[in-house]
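Chains, contacts and geometry: an overview
Each chain, letter by letter, is given below.
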Amino acid sequence: MKKAALFASVAGLLLSMSTARAAEYTVAIIQSMSGALAFVGVPLVDGMKLAAEEINAKQELGPGNTLKLIIEDDETNRAQAVSLVKRHAADPKVLAIMGPTTTAVAIAGAQAANEEKIVALVTTNSPEIAKTGPYGFRLSQPPEVLMEAIGKYSVEKLGIKECVLIGVLDNAAYVEQTQAYQDYVTSKGVKILAREGIKQGDTDFSALSAKVASMNPECVFMSAIAPTAANLIIQLKQAGLPPTTKLVGMSSMTSAALFEVGGAAVEGLYLVGDWVPGGGSEQGKAFAAAYKKRFGTEPDNWGPMGYGGLRVMSEAIRKSLPDATRDKIRENLAQIKDYPTLFGGGKFTYDPQRAPRYGTNILVVKNGQFVLAPN
Amino acid sequence: MIAQQLLNGLITGSVYALFALGFTLVFGTHKILNLAHGSVFMSGAFAAYFAVLNGLPLWFAMVLAMLCGGLVCYVIELAAFRPLRSRGQIEFAALIASIGANLMISSLAQRISNTKVLRFPFGTFPVQFYTVMGVRISLLQIVIVCVVAILLAGLLFYMYRTSFGRQVRAVSGNERAARLLGVSPNVVFFQTFFISGALAGMAGVLIGLSFNSIHFLMGEPYLLRAFVVVVLGGLGSITGAVVAGLLLGVIQTLTVAYLPTGLSDAIIFSLLFIILLVRPSGLFGSAITATAARRQ
């Protein structure tokens, strides 16, 4: 009896020792799972879930250690995002935050994260994030990188000489991208026939479409979220936009929502994307297969972005071990260089302004799918 | 291009008028600003969307949308406004209650749609265009104008040529006197809220078809426009709502077409301000008051 009690005590002690060694590293995910930007937030979080499962299965943070995600919905709402950032910053177990998603919400969230001295790796590419302080990081590349890529393609491959620009006015990131595209193409001699503004939630483009169609433009560049852009394209074509007009867009349109709303009308749309549809590399193809198996759909731009973003964060945590603190993670995240990723050119680096650089891909919509545009 | 833009403006304006008619009907009769009117509009579009998705013909989906809009609006009256009316707190409390109802219905639609922007399946309505004297018009636009005209004529007939309409106007003028004369206010409330919701439901379907977009927040911009329409037309005035709706559609379209981008709302609300300075009761407000006084 005594021997049994002794054995049980030793076993219990060993178990508690091993439990003490196995650590749990917590990251709060605050993304737009509902509201206008849910079409970005939902697949982004799905990609992160897949990354966390893979990291834990391969024990990448050390034997027995796990990466824990706390998933929250910012409802595309600034007040909600700030409240969530502050709540999780108050929990010492939370080492970093991934999110919020869109510019206005992300700036408010990053500001709160800087006040609480915890990293916020936000999804938007707005340069304003850098101004919130050293704890604000971006997941998407700066507008000038993306717009230079699609601008260059527009001029050199599509051969455009004149263009109409239509951009969302009530989101700073979209305004900056329209401006960056305009700056690039005008520097190459392209004439801007008109620059028009819309709102993110607009649905009636009949007047704008008639106006643009009457110009018979060679090119229409759009900076908007996928459903809005798809709806705009339908109405432009219904208003009589010539079929020869080149339609050009940006990475936020590389979503299944573009086809769901736009159908056949979005065929031939050229756009800059982070992710090569189908995967491109062997790792990309494996991810695409795993994503489809887990969530039942092909990944669009945002699933791989979420996956890659969490992997970058996990790498910063791994480098901060064994005693990962919020400040160590911030320092290691800022030093990420040439980290393998699934999108862009395949290597992820943070520049001194904590903006990511990973290269771009030019895509075109063909037979209801995004495919690499011909070079 | 001006003729094309005027046509676009009149079509957009006719849908604004249809949306605003229900809003002004409830205000004119009950002095309630029903801020859940946008979500009633959205619920009509959702009902039609799911009906079409389940293989039902579009005409049937439109009828269903009107029934759904009418019922949702009547449920709001039963659950939110009637209890407040019985306590004599209908004005401001009803405003708050309607905001609550709006949030509840929108949240439900958000859950149902998973926040996605939905659209009627491709081919639900034939995409056909006609060019008349250089103006391009679609079959859908023709149908929209016809539907709005039929519903407007029906509403005017109902309000001014039937005993039910007389009862509605009697309750609107003086509820207590109407009650003494044997008019049941609850029957009138049912009629006005149901008609208001039915008109909003149809407007939801027309907007969903026209602009390829059904979304749980789709009613909010239209509610803001409806405010402009009913204030501009004269609170409670049916004719005013129609004229102001068409005017608003044309002004909005022309500002988008001919003025610098992003100025549309600023111009619309500035014009509203100027018109109200000149005619504080709206374009048709005083005429209605005078007519009512003559009847009394």
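Values in this document were obtained by computation on a predicted structure and should not be read as measured data. (Residues numbered from 1 in each chain as written. Chains lettered and ligands numbered in written order. Predicted model: local features only at pLDDT ≥ 70, side-chain atom pairs only at ≥ 80, totals over all residues. Heavy atoms only, no water.)

**A short note on the overall build of chain B**
Secondary structure assignment for chain B yields twelve helices and two strands. Start at the N end of chain B and walk to the C end: the helices and strands fall as α-α-α-α-β-β-α-α-α-α-α-α-α-α. For chain B, whose C-alpha radius of gyration is 19 Å, the value lies close to the compact-globule estimate of 19 Å for 296 residues. When its C-alpha atoms are laid out on the principal axes, chain B stretches across 55 × 45 × 35 Å. With 296 residues in all, chain B has 50% of them scored as buried. Total accessible area on chain B is roughly 13400 Å²; 71% of this is exposed by carbon and sulfur atoms. (Helix = DSSP H or I, 4+ residues; strand = E, 2+ residues; numbered from the N terminus. Rg over C-alpha atoms; globule rule 2.2 N^0.38 Å. Buried < 20%, exposed > 50% of the residue type's maximum accessible area, 1.4 Å probe, protein only. Areas by Shrake-Rupley, 256 points an atom, 1.4 Å probe, with all protein chains shown as cover.)

**Observations regarding the interface of chain B and chain A**
One widely used convention gives an interface's size as the accessible area the parts lose upon coming together. The interface is formed by 27 residues belonging to chain B together with 30 residues belonging to chain A. Both faces considered, chain B and chain A share a buried interface measuring about 2100 Å² in area, 53% of it formed by carbon and sulfur atoms. Area buried by chain B at its contact with chain A is led by Phe-211, Asn-212 and Thr-261 of chain B, which between them contribute 22% of it. The shortest N-O distance in the salt bridge between Asp-265 of chain B and Lys-199 of chain A comes to 2.6 Å. At the surface where chain B touches chain A, the tally comes to nine residue pairs in polar contact (both at pLDDT 80 or more). Across the side of chain B that touches chain A, the residue classes tally to eleven nonpolar, twelve polar and four charged. (Contact = heavy atoms within 4.5 Å. Buried area = accessible area lost by both parts, 1.4 Å probe. Salt bridge = Lys/Arg side-chain N within 4 Å of Asp/Glu carboxyl O. Polar contact = N/O pair within 3.5 Å; in protein donor to acceptor, adjacent residues only side chain to side chain. Nonpolar A, V, L, I, M, F, W, Y, C, P; charged D, E, K, R; others polar.)

**Quick notes on the state of the cysteines**
All names here are of chain A. In the structure shown here, the tally under the stated rule is one disulfide over all chains. Across a sulfur-sulfur distance of 2.2 Å, Cys-163 and Cys-219 are joined as a disulfide pair. One disulfide, between Cys-163 and Cys-219, carries an S-S torsion of -45° and so falls in the left-handed class. Of this pair, Cys-163 sits in strand E6 (residues 162-168) while Cys-219 sits in strand E8 (residues 219-223), and the two are 56 residues apart along the sequence. (Disulfide = S-S within 2.5 Å.)

**What about the nonpolar core?**
Leu-67, Ile-166, Tyr-181, Leu-258, Leu-310 and Met-313 of chain A are the most contacted members of the largest nonpolar core, which has 105 residues in total. Per-element accounting of this core gives the leading share, nine residues, to helix H2 (residues 38-57) of chain A. Both domains that meet at this core, namely domain 1 (21-141 + 280-359) and domain 2 (143-273) of chain A, each give it at least three residues. Beyond its immediate chain neighbours, meaning those up to four positions away, Met-313 of chain A contacts Val-27, Ala-96, Ile-97, Met-98, Val-119, Leu-121, Ile-329 and Leu-333 of chain A. Residues Ala-45, Ile-90, Val-188 and Leu-209 of chain B belong to the second largest nonpolar core, which totals 82 residues. (Core = buried A, V, L, I, M, F, W, Y, C linked by side-chain atoms within 4.5 Å. Domains from an automatic or database assignment.)

**Section: the domain arrangement of chain A**
Residues and elements named next belong to chain A. Each domain of chain A was delimited in the assignment, giving domain 1 (21-141 + 280-359) and domain 2 (143-273). With 15 residues of domain 1 at the contact, the number on the domain 2 side is 19 residues. If you sort the residues of domain 1 by the area they bury against domain 2, Phe-39, Asn-125 and Gln-141 come out on top, with a joint share of 37%. The interface formed by domain 1 and domain 2 includes zero salt bridges.

**Considerations on the side chain of Thr-26 of chain A**
All names here are of chain A. Within the secondary structure, Thr-26 is located in strand E1 (residues 24-31). The exposure class of Thr-26 is buried, given its relative accessible area of 3%. Residues contacting Thr-26, with those up to four places away along its chain left out, are Lys-68, Ile-70, Lys-93, Val-94, Leu-95 and Ala-96.

**Some details on the sheet that holds strand E4 (residues 119-122) of chain A**
Residue and element names in this part refer to chain A. The strand order across the open sheet formed by five strands is E2-E1-E3-E4-E5, and the pairing between neighbours is parallel. Here the strands that pair on one side only, and so sit at the sheet edges, are strand E2 (66-73) and strand E5 (136-138). Averaged over all adjacent pairs, the angle separating strand axes in this sheet is 25°, with direction ignored. Where E1 meets strand E3 (residues 94-98), four bridges bridge the pair, whose relative direction is parallel. Looking at the pairing, Thr-26 lines up with Val-94 of E3. (Pairing = 2+ DSSP bridges. Axes fitted to C-alpha atoms, helices over the stretch in contact; angles between N-to-C directions.)

**Quick notes on the pairing of E2 of chain A**
Bridge analysis of E1 of chain A against E2 of chain A gives eight bridges, and the strand direction is parallel. Opposite Glu-24 of chain A, over in E2 of chain A, you have Thr-66 of chain A as the bridge partner.

**Here we look at the pattern of salt bridges**
Residues and elements named next belong to chain A. Throughout the structure, instances matching the rule amount to 20 salt bridges over all chains. Linking Asp-46 and Lys-49 is a salt bridge whose minimum nitrogen-to-oxygen distance equals 3.8 Å. Of this pair, Asp-46 and Lys-49 both sit in helix H2, separated by three residues, roughly a single helical turn. On the basis of relative accessible area, Lys-49 is assigned to the partly exposed category, the value being 27%. We note a salt bridge from Glu-54 to Arg-311, for which the minimum N-O separation is 2.8 Å. A residue pair is termed long-range when its members are at least 10 positions apart, and Glu-54 in helix H2 and Arg-311 in helix H12 (residues 302-319) qualify at 257 residues. Among the residues examined, Arg-311 registers a relative accessible area of 10% and is labelled buried. If you follow the salt bridges from partner to partner, you end up with Glu-54, Lys-58, Glu-60 and Arg-311 in one network.

**Thoughts on the sheet that holds strand E12 (residues 347-350) of chain A**
Residue and element names in this part refer to chain A. Strand order across the open sheet formed by three strands is E11-E12-E13, with antiparallel pairing between neighbours. Since the sheet does not close on itself, it has two edges, and those belong to strand E11 (339-340) and strand E13 (356-357), each with one partner. The pairing of E11 with E12 spans two bridges and is antiparallel. What sits directly across from Tyr-339, in E12, is Phe-348.

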